[in-house]
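A structural walkthrough
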Amino acid sequence: MEKKTCSKNLAGKSLFITGTDTDVGKSIVTLALALALEKAGYSVGVYKPLQSGAYPEKGKLVAPDLALMQKFSDTFLCGCSYLLEGECSPALALKLANRSFFMDKIQTDFLDLQKKCDIVLVEGAGGLLCPVQLDKGLTMADVIKSLGLACVIVARSLLGTVNHCLMTDSIAKTYGLQVKGILLNKFPQKTENIAVRHVCEEIAAYTQTPLFCIPEVDVLSAENLAVLFQDTIDRIIG
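Described below are features of the structure shown in this document. (Residues numbered from 1 in each chain as written. Predicted model: local features only at pLDDT ≥ 70, side-chain atom pairs only at ≥ 80, totals over all residues. Heavy atoms only, no water.)

**Concerning the overall build of the chain**
Looking only at helices and strands, one finds ten helices and eleven strands in the chain. Here the C-alpha coordinates of the chain stretch approximately 50 × 40 × 35 Å along the principal axes. The proportion of buried residues among the 238 residues of the chain is 50%. The long-range fraction of contacts in the chain, counting pairs at least 24 apart against all pairs at least 6 apart in sequence, stands at 78%. (Helix = DSSP H or I, 4+ residues; strand = E, 2+ residues; numbered from the N terminus. Buried < 20%, exposed > 50% of the residue type's maximum accessible area, 1.4 Å probe, protein only. Contact = heavy atoms within 4.5 Å.)

Laid out in structure tokens, this is it:
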């Protein structure tokens, strides 16, 4: 398929999508990035190293975040190393299920998926310090570091996000992670909220990490989501 919207050849690139918190829109942002890349002609893999909150369906557990991806495209190659029940951190879900965690399994599964497609998007759980292995003190930041990936930080466009963004950005740099951008999700085109109107100015005063304002879409369609990143995909992935 001809590459349509990307000026760079992004094949072979991968990116980790993390957030300032849970429920900030990481899955929708991951989906939008995947759809933009697919529209540009790339084969896309979406990988969840750990997924808690899985639910049973037809005798097997389903990863809700990956089910969302496959709802919008049947060409995405999806994978998950640790699929776990329970609305909690992966570390607690592993403990409750009496399962062991092995970082090399995540590395192997990621590399296997990477061989099958042009680009792999890796979606984390929670934020950078979301617990992954309690007895060794491992967090999601350790997973990113072990994979050697750059990341983007998804954040809410609400009062308080300046602190959340700067803390997450600072933690990422403490771990030696490359942050490709802070993505302010569902950013309003117009608002009377003075804090939101000046949020980019405030964040930019304390970090050189690029900022991207991602507008909310009225209708969740593949076309509408792909458009969100058609002009910025080079800078975010490349």
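Read on, since the account is not over.
**Quick notes on the environment of Leu149**
Tracing the backbone shows Leu149 in the loop between α5 (140–147) and β9 (151–156). Residues Leu149 and Thr20, 129 residues apart in the sequence, show an inter-C-alpha distance of 18 Å. Once residues within four sequence positions are removed from consideration, Leu149 is found in contact with Ser14, Leu15, Phe16, Phe110, Val122 and Ile144.

**What about helix α4 (residues 103–114)?**
Here α4 spans 17 Å end to end across twelve residues, near enough to the 16 Å set by a 1.5 Å rise per residue. Taken residue by residue, α4 has Met103, Ile106, Phe110 and Leu113 as its buried positions. Down the axis of α4, the buried side of the element spans an arc of 95°, and every buried residue falls inside it. Where α4 is buried, its residues contact β1 (14–19), β2 (44–51), β5 (77–83), β6 (119–127), β8 (138–139) and α5. (Expected span 1.5 Å × (residues − 1). Arc of directions from axis to C-beta.)

**Regarding the packing of aromatic side chains**
By convention here, two paired aromatic rings are described through the distance between centres and the angle between planes. The full count for this structure, using the stated rule, is two aromatic pairs. For the pair Tyr47 and Phe110, a centre-to-centre distance of 6.3 Å together with 40° between the ring planes defines the contact as tilted. On the criterion of sequence distance, the pair formed by Tyr47 in strand β2 and Phe110 in helix α4 is long-range, its members being 63 residues apart. Residue Phe110 is classed as buried on the basis of its relative accessible area, which comes to 3%. (Phe/Tyr/Trp six-rings, centres within 6.5 Å; stacked < 30°, edge-to-face > 60°.)

**Quick notes on the pattern of salt bridges**
As a working rule, side chains carrying opposite charge can pair if their charged atoms are close by. Under the definition given, this model contains six salt bridges. With a shortest N-O distance of 2.9 Å, Glu223 and Lys39 are connected by a salt bridge. Taken as a pair, Glu223 in helix α9 (residues 222–227) and Lys39 in helix α1 (residues 26–39) lie far apart in primary sequence, 184 residues in all. Here Glu223 falls in the partly exposed class, since its relative accessible area comes to 44%. (Salt bridge = Lys/Arg side-chain N within 4 Å of Asp/Glu carboxyl O.)

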